[in-house]
Amino acid sequence: MKSNLPKTKQSSSFSNTESFPNYLITSQPNITKVTATWWFIIILLIQTLLIVMIPLPALVTHLTGKTVILKAVPVDPYNLLRGYSMTLDYDISNINTLQKLPGWQQLIQQNANWQTGMNLYVILQQHKSDSKIMPAPWKSIGVTSKRPSSLPSNQVALKGHYSHGSVNFGLDTYYIPEEQQQQINQDLFHAQQARQEKAQAIVVEIKVNPQGKAVPVSMWVGNTSNQGKTLRKYRF
């Protein structure tokens, strides 16, 4: 006699001879493999995100920061390029220059014990250029230990930190492509001659964000060779 009861369908995932707990045990390696793959993808995404985020603040400053011009000189005129890098110095990095600015005495009173890494802000003001080809460096008009809450549109507060008798703004070392080394070295040599003649020879264009941090953009080098006065611009 045939039974009219419907037949129960067997699961396609495991057979009658294999219990469900045993099925979970046998499938565990596949689950572990999928989980490991997802963890690898997550870790890779995090590492990629960190790599992208490291230069992001500098990129934002480069795109949105205020343009400022600084007067610069090579640190060692007899060894202008060291390998693939060039080191520049600025008037505002010199403590003797900062001592003459308004706000210096208050800065000393507020920070009696100078320590390496101590932050300060140099107030710079835009200056009209007498040259038609080279932009004029901004003039330092003050110094303070705290970032000003508001400044006129023609002024900016540049953040630096005290280190071994001078102030570092993170703008002193630049890496030069190998194909440009010879030309830059020659231009800097002639710029040293212009400096001895009290001519404006090297200026650096930077971008400064509202927090006072800066990134370099380009450099103008004046050339006073026998062929006359010329100007060459290099981008960083």
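Computed from a predicted model, the values in this text were never measured in an experiment. (Residues numbered from 1 in each chain as written. Predicted model: local features only at pLDDT ≥ 70, side-chain atom pairs only at ≥ 80, totals over all residues. Heavy atoms only, no water.)

1. What to know about the overall build of the protein chain
Here is step 1: A count of helical and extended segments in the protein chain gives five helices and eleven strands.
Here is step 2: Counting the 236 residues in the protein chain, one finds 33% classified as buried.
Here is step 3: For the protein chain, contacts bridging at least 24 residues in sequence account for 63% of all contacts bridging at least 6.
Here is step 4: Just so you have it, the protein chain exposes about 16100 Å², and 55% of that area is on carbon and sulfur atoms. (Helix = DSSP H or I, 4+ residues; strand = E, 2+ residues; numbered from the N terminus. Buried < 20%, exposed > 50% of the residue type's maximum accessible area, 1.4 Å probe, protein only. Contact = heavy atoms within 4.5 Å. Areas by Shrake-Rupley, 256 points an atom, 1.4 Å probe, with all protein chains shown as cover.)

2. Some words on the side chain of Gln 155
Here is step 1: With respect to the helices, strands and loops of the structure, Gln 155 is situated in strand 6 (residues 155–163).
Here is step 2: Within the structure, the side chain of Gln 155 is placed 2.8 Å from the side chain of Gln 125, a separation counted as a polar contact.
Here is step 3: If near-sequence neighbours (up to four positions away) are discounted, Gln 155 is found in contact with Lys 66, Ile 123, Leu 124, Gln 125, Trp 138 and Ile 141. (Polar contact = N/O pair within 3.5 Å; in protein donor to acceptor, adjacent residues only side chain to side chain.)

3. Some details on the nonpolar core
Here is step 1: With 40 residues, the main nonpolar core has Leu 70, Tyr 90, Leu 124, Leu 158 and Ile 206 as its most contacted residues.
Here is step 2: Other than its neighbours up to four places away in sequence, Leu 158 contacts Leu 70, Ile 92, Leu 120, Tyr 121, Val 122, Leu 124, Phe 169, Ile 206, Val 208, Gly 212 and Ala 214. (Core = buried A, V, L, I, M, F, W, Y, C linked by side-chain atoms within 4.5 Å.)

4. Notes on the sheet that holds strand 7 (residues 166–168)
Here is step 1: Strand order in the open sheet formed by four strands is 5-4-6-7, with antiparallel pairing between adjacent strands. The open sheet has two edge strands with one neighbour each: strand 5 (139–144) and strand 7. For this sheet, the mean angle separating the axes of adjacent strands, direction not counted, is 40 degrees.
Here is step 2: Pairing of strand 4 (residues 119–125) with strand 5, which is carried by five bridges, proceeds in the antiparallel orientation. Within strand 5, the position partnered with Leu 124 by the bridge is Ser 140. (Pairing = 2+ DSSP bridges. Axes fitted to C-alpha atoms, helices over the stretch in contact; angles between N-to-C directions.)

5. Section: a nonpolar patch on the surface
Here is step 1: Together, Trp 38, Phe 40, Ile 41, Leu 44 and Leu 45 make up a nonpolar patch on the protein surface, roughly 560 Å² of accessible area in all.
Here is step 2: Among the residues examined, Leu 45 registers a relative accessible area of 57% and is labelled exposed. (Patch = residues over 30% accessible without salt bridge, like charges linked within 9 Å, V, L, I, M, F, W, Y side chains within 5 Å. Salt bridge = Lys/Arg side-chain N within 4 Å of Asp/Glu carboxyl O.)

6. Some remarks on unusual backbone geometry
Here is step 1: Within the chain, His 164 stands out as a residue other than glycine whose phi angle is a positive 55 degrees.
Here is step 2: Structurally, His 164 is set in the loop between strand 6 and strand 7.

7. A short note on the confidence of the model for the protein chain
Here is step 1: Looking at the protein chain as a whole, its pLDDT mean stands at 76, while 68% of the residues score no less than 70.
Here is step 2: Contacts of residues 224–228 to residues separated by more than four positions or lying in other chains number six contacts, the stretch itself having pLDDT below 50. (pLDDT = per-residue confidence, 0-100.)

8. What to know about the pairing of strand 3 (residues 85–90)
Here is step 1: Direction of pairing for strand 1 (residues 66–74) relative to strand 3: antiparallel, over a ladder of three bridges. Within strand 3, the residue paired with Pro 74 across the bridge is Leu 88.
Here is step 2: With three bridges connecting them, strand 3 and strand 8 (residues 173–175) associate as antiparallel partners. In the sheet register, Thr 87 faces strand 8, and the bridge partner there is Thr 173.

9. Digging into the side chain of Glu 205
Here is step 1: Summarising the element assignment, Glu 205 is placed in strand 9 (residues 202–208).
Here is step 2: No salt bridge forms around the buried Glu 205; measuring N to O, its nearest opposite-charge neighbour Lys 233 is 4.1 Å away.
Here is step 3: If sequence neighbours within four positions are ignored, Glu 205 has contacts with Thr 67, Val 68, Ile 69, Pro 216, Val 217, Ser 218, Trp 220 and Lys 233. (Lys, Arg positive; Asp, Glu negative; His and termini not counted.)

10. So, the pairing of strand 9
Here is step 1: The buried fraction of strand 9 is high, at seven of seven residues.
Here is step 2: Along strand 9, one buried face is formed by Ile 202, Val 204, Ile 206 and Val 208 and the opposite face, lined by Val 203, Glu 205 and Lys 207, is buried too.
Here is step 3: Where strand 1 lies against strand 9, six bridges are found, and the strand directions are antiparallel. By the bridge assignment, Lys 71 is partnered in strand 9 with Val 203.

11. Quick word on the environment of Tyr 121
Here is step 1: With respect to the helices, strands and loops of the structure, Tyr 121 is situated in strand 4.
Here is step 2: Contact partners of Tyr 121, with chain neighbours within four places excluded, come to Gly 142, Val 143, Thr 144, Ser 145, Lys 146, Arg 147, Ala 157, Leu 158, Lys 159 and Gln 211.

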